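# Structural features, examined
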Amino acid sequence: MKTLPAVLTMVAVALGASVLIVGRFGASGTGAIPAVNDTASEATTTGMPPPWRIQVHAPDSIEALGLELGHSKLGDAVQRYGVNTQVAVIAAPGEDGRLEAFVDPFQADFIGGKLVISAEASSEQLKVWRSRAVKGEFMESTTRRYVLATNDLVEALKSRVVGLSFIPQAQLDAAAVIARFGEPTERVTIPDHGEHLLYPAKGVDVMIDPNGKELIQYVTPAEFDARLMAPLRQAQSKAQAAR
């Protein structure tokens, strides 16, 4: 899963006018593949649990937003969320890239928003997929999205989902988050990036930004430190050093 700055970059793009424009499942055209099964093209995000309903099965397995992190594959997301699921490799110059899927619109119970799904892929896989990409387009600045070739897209669907980033449309504040998620284990504030309410036992980080959109990130508790906490501490240290 991407580091905190990369997450914020992806979310910024997701909130803008330009979103991931890649082959949609069940659609025709270059880069698209048929639906995973006959029901995938009809699947929607209606009936999803609310963002605060998280089931912790084990340190390496949680269930949130209709997927089981640590076990669900990207193909499961396509089957669950349907034609609104878009897959691409996202890469900045000098990076191997990240395998991600984007769902817009996404409905979590009565809360609408957008969802970014992070999936596991090796550096070698990402390099090969990028080299064979049908198309590479700029997202913002020098970051590019690579539309996967059909055969590579089929392989990408076998990748394990390691993280979710939900951007709700509704504006949230700390009181509303605590009322739903409970008291956080820790609260961390980063200048210009809002306040983070941390729930390591659930694998959840809720970012409150009074000047922008909120962000709810999910990983397994076993990977919370590596995927969320370490990048957050690094961003905090850089922000403090710059002051």
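An account of the accompanying structure is given in this report. Small disclaimer: the values here were computed from a predicted structure and weren't measured.

### Observations regarding the overall build of the protein chain
- Counting its secondary structure elements, the protein chain contains six helices and 13 strands.
- Expressed as a percentage of its 243 residues, the buried residues of the protein chain come to 51%.
- By sequence separation, contacts in the protein chain at least 24 residues apart represent 62% of the contacts at least 6 residues apart.
- For the protein chain, the exposed surface amounts to about 10700 Å²; the carbon and sulfur share of it is 49%.

### Some points on the sheet that holds strand S5 (residues 98–108)
- With antiparallel pairing, the 10 strands of this open sheet are ordered in space as S7-S8-S4-S5-S6-S9-S13-S12-S11-S10. A strand with exactly one partner marks an edge of an open sheet, and here the two such strands are strand S7 (135–140) and strand S10 (186–190). Neighbour-to-neighbour, the strand axes of this sheet turn through a mean angle of 25 degrees, independent of strand direction.
- In terms of strand pairing, strand S9 (residues 161–168) meets strand S13 (residues 215–218) through three bridges, oriented antiparallel. Among the inter-strand pairings, Phe 166 is bridged to a residue of S13, identified as Ile 216.
- Along the sheet face, helix H2 (residues 74–81) touches strand S4 (85–91), S5, strand S6 (111–119) and S9 and points at about 160 degrees away from the line of S6.
- Packed onto the sheet, helix H6 (residues 224–242) meets S9, S10, strand S11 (194–199), strand S12 (204–208) and S13 and runs at close to 45 degrees relative to S10.

### Observations concerning the sheet that holds strand S2 (residues 61–64)
- Spatially, the three strands line up as an open sheet ordered S1-S2-S3, and their pairing is antiparallel. Across the chains shown, the open sheet's two edge strands, defined by having one partner strand only, are strand S1 (55–58) and strand S3 (67–69). Taken pair by pair, the neighbouring strands of this sheet meet at an average axis angle of 25 degrees, ignoring direction.
- Judged from the three bridges that link them, S2 and S3 form a sheet pairing that is antiparallel. Along S3, the bridge assignment pairs Glu 63 with Glu 68.

Parameters at a glance
- Residues numbered from 1 in each chain as written.
- Predicted model: local features only at pLDDT ≥ 70, side-chain atom pairs only at ≥ 80, totals over all residues.
- Heavy atoms only, no water.
- Helix = DSSP H or I, 4+ residues; strand = E, 2+ residues; numbered from the N terminus.
- Buried < 20%, exposed > 50% of the residue type's maximum accessible area, 1.4 Å probe, protein only.
- Contact = heavy atoms within 4.5 Å.
- Areas by Shrake-Rupley, 256 points an atom, 1.4 Å probe, with all protein chains shown as cover.
- Pairing = 2+ DSSP bridges.
- Axes fitted to C-alpha atoms, helices over the stretch in contact; angles between N-to-C directions.

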